[in-house]
Amino acid sequence: MKKFKATKKPNILSQSKHLVKRLVQPGRLSRKDKGKLVYFEALKEPVLENYVFYEAFAGLGILDHPRAIFKALLEDSTFQDFTHVWSIDNLELASFNTEEFSSLDNVIIVLKGSNEYYEYLATCKYLIANTTFGYFFEKRNDQIYINTWHGVPTKVMGYEHAVERVENARGPARHFLSADYLLSSNRFMTNIMYRRAYKMDGLFEGKLLEIGSPRCDTLVYPDKEAVLEKLEALGIETDKKIILYAPTWKGNLYDQLNYNVAEFKELVQKFAGSINRKDYRIYLRVHYFLYRILAEDPELQDMLIPFTIDTNELLSVVDVLISDYSSIFFDYLLMDKPIIFYVPDLEQYESGRGLYVPVDSLPGLVTSNKREACAALTKITISDGPAAYMKPYVSKLEAMKSWCTYNEDGHACMRLIHIVFGDALDPGNDVTLREDLSEIHLEQYSRPEKSFYGFDGFDTGKKRLLLCFNTRVNSPEHYDELEDYLSEIDYSETDVTLLVTSFKDEFNKQFFNNLPEEVRILVWYALPFVTPETQKFYRQEIRRTLGNVHFDEVEFIGEITKYWASFGNAVLDL
């Protein structure tokens, strides 16, 4: 078996610095980094059986798929001995959302980033998230990690993102590879998002559960009275029919908001002026970052639905939805009610980032003209009524439901619990599916003859190559060497994962974004503290960086440090 040796030898000075850092680091680490050290140390503690750790939207609240699974477990007497731990980023803002469960002894709320947060994340047996944890996260062998994600894709994403190929994919791809279970609503999401956009095909070693959306159970069996009571408790009037304007996230990266607030206010005012105000009210469900801005605006603050109200519970009482590319509309299909697709930047999206779902397949008016959107609101609420508006779109609605919502029977939570917590996976349901994914034909994703419960057909039979490239010590000629190496690979026989060290500069961003599309790129981030580099440490680093994956071959381009030589040898020894 190949063994790697460092091409760049550590000198006595660097070894001494490493030792000094270990001794003095507790007093020099930032609060966040101290928390990550707490997490690293907590990984040595025993796993807590029957403990479930949940996080939704990076700690926004008790929301989405994790909320639905959590409530289903609470209501099932089989799991009465389970303890549930929720990660919340802002306890004050989420207080209305969390107080619903505050009286339960088996529900623990922890502040994200606190020592408790890191300790429970490191020790709870079950982990359920709809986005990702931080770069420090390592799924232990004794833990069971379920990543539910948070919606069927409409916008091009992952490695297919034209501008941010690596930045858009690196976090989700690593977490998907760490997961024991990935949740999928339908075959379209399985193939387009997981297998193609995030390149799980050929590498993912967990189970894909194509069982529907847990959060949609509440739309199939809604408790509308309870939802209306929640809204009224927040001062939101519910005496009229509800129109909800829910635009998607606008921004390049997670924390980069791209909204003209003045234009947004003008648009909302035009919408409000186009409706029958005697019978309808218009409310807003916006992204958290925009919510924080609008919450201070006296003209719009009363129209905002707090993000601590679960979206799907809210949709159960909505009569008209205005959206754009947000996956919220996929869930709302179950309501068979009017949808208006107001897409002012449609041309830029189609020519730039791109859409997976053609706009001519959408079951409602699609327009970039605010006057047309306002006219549609008038038609629905004043002149013709909802049924007349829906009539031209019924066939499109049924066609979309045939490939999108066929699993939504109100029992997705039950199926997930049976499989994950009941250890009842039926290997007889495993299916291996190969197909050309170069084009998207929506009709092929209608209800399949056989479900993917426990699908593990991601093995393509190709050789798995891990190619490592250290941006911190490599010279310009090594970038040329990498390009030459990749150009010689037969991708029909070799599945290639390129592991690169973290970077922020524009050169590396452009360079890695322009590599062959067959290459899956993962990013390694250094821990913010130093620790003894034992064999156990390197096994942990592999889990943190590569998840549950095994490789047939490891290669390096450029100089190899002591760390990377040991890392490569540990990968081969797995």
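Everything quoted here is computed from the prediction, not taken from an experiment. (Residues numbered from 1 in each chain as written. Predicted model: local features only at pLDDT ≥ 70, side-chain atom pairs only at ≥ 80, totals over all residues. Heavy atoms only, no water.)

Taking 1.5 Å per residue as the helical rise, helix H2 (residues 31–42) with its 12 residues ought to reach 16 Å, and the 16 Å between its terminal C-alpha atoms agrees with that figure. Every buried residue belonging to H2 is among Gly35, Lys36, Leu37, Tyr39, Phe40 and Ala42, and all of these are buried. On its buried face, H2 is in contact with helix H5 (115–123) and helix H21 (535–546). (Helix = DSSP H or I, 4+ residues; strand = E, 2+ residues; numbered from the N terminus. Expected span 1.5 Å × (residues − 1). Buried < 20%, exposed > 50% of the residue type's maximum accessible area, 1.4 Å probe, protein only. Contact = heavy atoms within 4.5 Å.)

The next subject is the pattern of salt bridges. Summed over all chains, the structure comprises 29 salt bridges. Between Asp319 and Lys337 there is a salt bridge whose closest N-O contact spans 3.6 Å. Here Asp319, found in the loop between helix H12 (311–315) and strand S10 (320–323), pairs with Lys337, found in the loop between helix H13 (328–332) and strand S11 (339–342); they are 18 residues apart in sequence, far enough to count as distant. Linked through salt bridges whose partners overlap, the residues forming this network are Arg67, Lys71, Glu100, Lys230 and Glu313. (Salt bridge = Lys/Arg side-chain N within 4 Å of Asp/Glu carboxyl O.)

What follows covers unusual backbone geometry. Backbone geometry places Ala58, a non-glycine residue, at a positive phi of 60°. In this structure, Ala58 sits in the loop between strand S1 (48–55) and helix H3 (64–75). We note that Lys199 has phi near 55°; this positive angle belongs to a residue other than glycine. For Lys199, the location among the structural elements is in the loop between helix H7 (187–197) and strand S7 (207–210). A relative accessible area of 17% places Lys199 in the buried class.

Moving on, we get to helix H17 (residues 394–404). All of the buried residues in H17 are Leu397, Met400, Lys401, Trp403 and Cys404. The inward-facing, buried residues of H17 contact H7, H13 and helix H16 (386–390).

Most of strand S9 (residues 280–284) sits out of view: five of its five residues are buried. The alternating pattern of S9 places Tyr280, Ile282 and Leu284 and Arg281 and Tyr283 on opposite faces, both of which are buried.

Moving on, we get to the packing of aromatic side chains. This structure, assessed with the given rule, holds 52 aromatic pairs. Look at Phe176 and Tyr194: their rings are 5.2 Å apart centre to centre, the planes differ by 75°, and that puts the pair in the edge-to-face class. Of this pair, Phe176 sits in helix H6 (residues 165–178) while Tyr194 is found in helix H7, placing the two residues 18 residues apart along the sequence. The same class applies to Phe176 and to Tyr194, which are both buried. Members of the aromatic cluster, each reached through a chain of ring pairs, are Tyr39, Phe53, Tyr117, Tyr118, Phe133, Tyr135, Phe136, Phe137, Tyr145 and Tyr525. (Phe/Tyr/Trp six-rings, centres within 6.5 Å; stacked < 30°, edge-to-face > 60°.)

We now examine the environment of Val107. Secondary-structure assignment places Val107 in strand S3 (residues 107–111). When the C-alpha atoms of Val107 and His84 are compared, they prove to be 4.8 Å apart, with 23 residues separating the residues in sequence. In this structure, Val107 is in contact with Phe70, Leu74, His84 and Phe101, ignoring residues within four places of it in sequence.

With that out of the way, let us pick up the side chain of Asp64. Its location among the elements puts Asp64 in helix H3. For Asp64, a relative accessible area of 6% corresponds to the buried category. Those residues in contact with Asp64 that sit more than four places away from it in its chain are Phe57, Asn130, Trp149, His150, Arg215 and Asp310.

Turning next to the nonpolar core. Counting 188 residues, the largest nonpolar core has Phe421 and Phe512 as the members making the most contacts within it. By residue number, the principal contributor to this core is helix H22 (residues 562–573), which donates seven residues. (Core = buried A, V, L, I, M, F, W, Y, C linked by side-chain atoms within 4.5 Å.)

The subject of this paragraph is the packing of helix H19 (residues 476–487) against helix H20 (residues 506–513). It is the contact of H19 with H20, at a shortest axis distance of 12 Å, that shows an interaxial angle of 10°. Taken together, the axis directions place H19 and H20 in an arrangement best described as roughly parallel. Crossing hand, H19 versus H20: right-handed. Taking contact as the criterion, the partners of Tyr479, Leu482 and Glu483 in H19 are, on H20, Phe507, Asn508, Phe511 and Phe512. The class makeup of the residues in the contact of H19 with H20 is five nonpolar, one polar and one charged. (Axes fitted to C-alpha atoms, helices over the stretch in contact; angles between N-to-C directions. Parallel < 35°, antiparallel > 145°, perpendicular 65-115°, else oblique. Left-handed = near helix turned anticlockwise from the far one by under 90°. Nonpolar A, V, L, I, M, F, W, Y, C, P; charged D, E, K, R; others polar.)

Moving on, we get to the sheet that holds S10. Taken in spatial order, the five strands of this open sheet run S9-S8-S10-S11-S12, and their pairing is parallel. Single-partner strands in this sheet number two, and they are S9 and strand S12 (365–367). When strand polarity is set aside, the average angle formed by the axes of neighbouring strands in this sheet is 15°. For strand S8 (residues 241–245) and S9, the ladder comprises five bridges, and the chain directions are parallel. Residue pairing for S9: Ile243 is matched across the bridge by Ile282. (Pairing = 2+ DSSP bridges.)

With that out of the way, let us pick up the confidence of the model for the chain. In the predicted model, the chain carries a mean pLDDT of 89, and 90% of its residues have values of at least 70. Across residues 251–256, confidence stays below pLDDT 50; counting only partners more than four residues off in sequence or on other chains, it has 14 contacts. Confidence over residues 424–428 falls short of pLDDT 50; this stretch has seven contacts with residues more than four positions distant or in other chains. (pLDDT = per-residue confidence, 0-100.)

The next thing to look at is the state of the cysteines. Counted under the stated rule, the structure contains zero disulfides. The thiol of Cys216 is unpaired, and the distance to the nearest cysteine sulfur, on Cys404, comes to 8.1 Å. Cys216 sits in the buried class, given a relative accessible area of 2%. (Disulfide = S-S within 2.5 Å.)

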